[in-house]
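Topology and contacts: notes
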Amino acid sequence: AKPGPLQRQVFISHTGQHAAASTFAASIVKPALEAAGMQVFMDFDSLELGCKWPEELVCAAANSAVMVVVLTKEYTQRFWCMLELSLALHARSLAAQQQQQGASLQQPLVIPVFYEAPADVIDSDGILRYWQGAQLQQMPASRRDWVDPAGRADNICAMEKRFENIRRYMLEASKDCDYQLARHVVTAAVKAIPVQVHLDPVYGFEQQEAELSADLSVPDPHRLGVWLHGIGGSGKTTLAKLLFNRLAPHFQHSAFIELQHDVRIGN
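Heads up: these notes are all about the structure in this document. (Residues numbered from 1 in each chain as written. Predicted model: local features only at pLDDT ≥ 70, side-chain atom pairs only at ≥ 80, totals over all residues. Heavy atoms only, no water.)

1. Regarding the overall build of the protein
Convention followed: For helices the rule is a DSSP run of H or I covering at least 4 residues; for strands it is a run of E covering at least 2, with both sets numbered from the N terminus onward. Residue exposure (1.4 Å probe, protein chains only): buried if accessible area is under 20% of the type maximum, exposed if over 50%, otherwise partly exposed. Contact criterion: two residues are considered in contact whenever any of their non-hydrogen atoms come within 4.5 Å of each other. Per-residue and other accessible areas were derived by the Shrake-Rupley procedure at a 1.4 Å probe size, with only the shown protein chains allowed to occlude residues.
Along its length, the protein carries 12 helices and 5 strands. When the 267 residues of the protein are sorted by exposure, 39% land in the buried category. The contacts in the protein between residues at least 6 apart in sequence include a share of 72% that link residues at least 24 apart. On the protein, roughly 16,200 Å² of surface is accessible, and the fraction owed to carbon and sulfur atoms is 51%.

So this is what it looks like as structure tokens:
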């Protein structure tokens, strides 16, 4: 299938089988990305109860602008982890092919985070043996066709060779190495995603947003600012966030600063 517009922003792929790496993904990387204004998909809190989770997971992995892969040896032994990675790399390859044919599609970014040293993660022979052995036979027959042992081994090896990767062991001298690691992840992710202000779904602002966006889209060298005024609770901040998210991608630099107290301008 041809790739379409990417539906999601950041997908964090990790395994709960490695406790420290799972805590890093859920408690450090995810909040750091969200604090930078990015929408994050993470299985344990992004899948609704009662949903068809295999389909939701596959769709999210294949349609994210950025996939952050927290790599450990345990990750390479988890079926769904390796499937998520394969889908992201496949989407990246398809987008590259379409770009060569003139399509204006965003190529997904895969950010490998080696939570363990690459030598401990990358063992193509070990990965191959694992997925060709009893593990594959224990899987339901409906899933066996989804497993390509040689492809999985190649994908993991490519993480170190072909991608700009981030390695925890290089930061271990720092007392807050996990936070330093998360900072590197955010820096890499913002290159692919225009940072936006987090907003829960809102309704009823469509006309105001469209009118103001149209006015602001007209160049005016004398415009110094735009003031939104109204009684408290009327939606001024929400409207400002909607406008920022719509207009920020058109600027090289942008920032949204939300003050938590009254500020007086003047003497």
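2. Things to note about the side chain of Asp-178
For Asp-178, the location among the structural elements is in helix α10 (residues 177-189). Residue Asp-178 is classed as buried on the basis of its relative accessible area, which comes to 13%. Residues contacting Asp-178, with those up to four places away along its chain left out, are Phe-24, Ile-28, Tyr-115 and Arg-168.

3. Some thoughts on the pattern of salt bridges
It is possible for side chains bearing opposite charge to pair when their charged atoms get close. The following threshold applies: Just to be clear on terms, a salt bridge is a Lys or Arg side-chain nitrogen sitting within 4 Å of an Asp or Glu carboxyl oxygen.
One pass over the full model with this rule turns up 2 salt bridges. Among the ionic pairs, Lys-30 bridges to Glu-34, the shortest N-O distance being 2.8 Å. On the criterion of helical spacing, the pair formed by Lys-30 and Glu-34 is a turn pair, its members being 4 residues apart in helix α1 (residues 19-35). Between Arg-168 and Asp-178 there is a salt bridge, with the nearest N and O atoms lying 2.7 Å from each other.

4. A look at the environment of Ala-26
With respect to the helices and strands, Ala-26 occurs in helix α1. Distance in space between the C-alpha atoms of Ala-26 and Gly-16 is 9.9 Å, their sequence separation being 10 residues.

5. Observations concerning the nonpolar core
Filter applied, for reference: Nine residue types can take part in a nonpolar core, namely buried Ala, Val, Leu, Ile, Met, Phe, Trp, Tyr and Cys, and a core is a set of them joined through side-chain atoms within 4.5 Å.
By size, the foremost hydrophobic cluster in this structure holds 29 residues, and its most contacted members are Val-10, Ile-12, Phe-24, Leu-33 and Val-68. Listing elements by their share of this core, those giving two or more residues are β1 (8-13), α1, β3 (64-71), β4 (109-114) and α10. Excluding anything up to four places from it in sequence, Ile-12 contacts Ala-25, Val-29, Lys-30, Leu-33, Val-40, Phe-41, Met-42 and Val-68. The next biggest cluster of nonpolar side chains, apart from the first, holds 23 residues, and it includes Phe-11, Leu-71, Met-82 and Ile-122.

6. Observations concerning the packing of aromatic side chains
Aromatic ring pairs: the centre-centre distance and the angle between the two ring planes describe each pair. Short version of the rule: Here a pair means two rings of Phe, Tyr or Trp (six-membered ring of Trp) with centres within 6.5 Å. Their orientation is stacked below 30 degrees between planes, edge-to-face above 60, and tilted elsewhere.
Counted under the stated rule, the structure contains 4 aromatic pairs. Pairing Phe-11 with Phe-41 gives two aromatic rings, centres 5.2 Å apart and planes at 15°, and the pair type is stacked. In this pair, Phe-11 is assigned in strand β1 and Phe-41 in strand β2 (residues 40-41), connecting sequence segments 30 residues apart. For the residue pair Phe-11 and Phe-41, the accessibility class agrees, reading buried in each case.

7. Focus on the packing of helix α11 (residues 206-216) against helix α12 (residues 236-247)
The test is simple: Axis lines are fitted through C-alpha atoms, for helices just across the contact stretch, and the angle between N-to-C directions can take any value from 0 to 180 degrees. For classification purposes, an angle smaller than 35 degrees is called roughly parallel, one larger than 145 roughly antiparallel, one from 65 to 115 roughly perpendicular, and anything else oblique. By convention the crossing between two helices is left-handed if the near helix lies anticlockwise of the far one by an angle smaller than a right angle, and right-handed if it lies clockwise. When residues are grouped by polarity, Ala, Val, Leu, Ile, Met, Phe, Trp, Tyr, Cys and Pro land in nonpolar, Asp, Glu, Lys and Arg in charged, and all others, Gly among them, in polar.
For the pair α11 and α12, the least separation of the axes is 10 Å and the interaxial angle reads 50°. Taken together, the axes of α11 and α12 lie oblique to each other. For the pair α11 and α12, the crossing hand works out as right-handed. Seen from α11, the contacting residues are Gln-208, Glu-209, Ala-210, Leu-212, Ser-213 and Leu-216; seen from α12, they are Leu-239, Leu-242, Leu-243, Arg-246 and Leu-247. In terms of residue class, the contact of α11 with α12 is made up of 7 nonpolar, 2 polar and 2 charged.

8. What about the pairing of β3?
Consecutive side chains along a regular strand alternate between the two faces of the sheet. The following threshold applies: Two strands are said to pair when DSSP picks up at least two bridges between them.
Of all 8 residues making up β3, 8 are buried, and the element is well covered by its neighbours. In the sheet, β3 pairs with β4 via 6 bridges, with the strands oriented parallel. Considered in β4, the bridge of Met-67 is made with Val-110.

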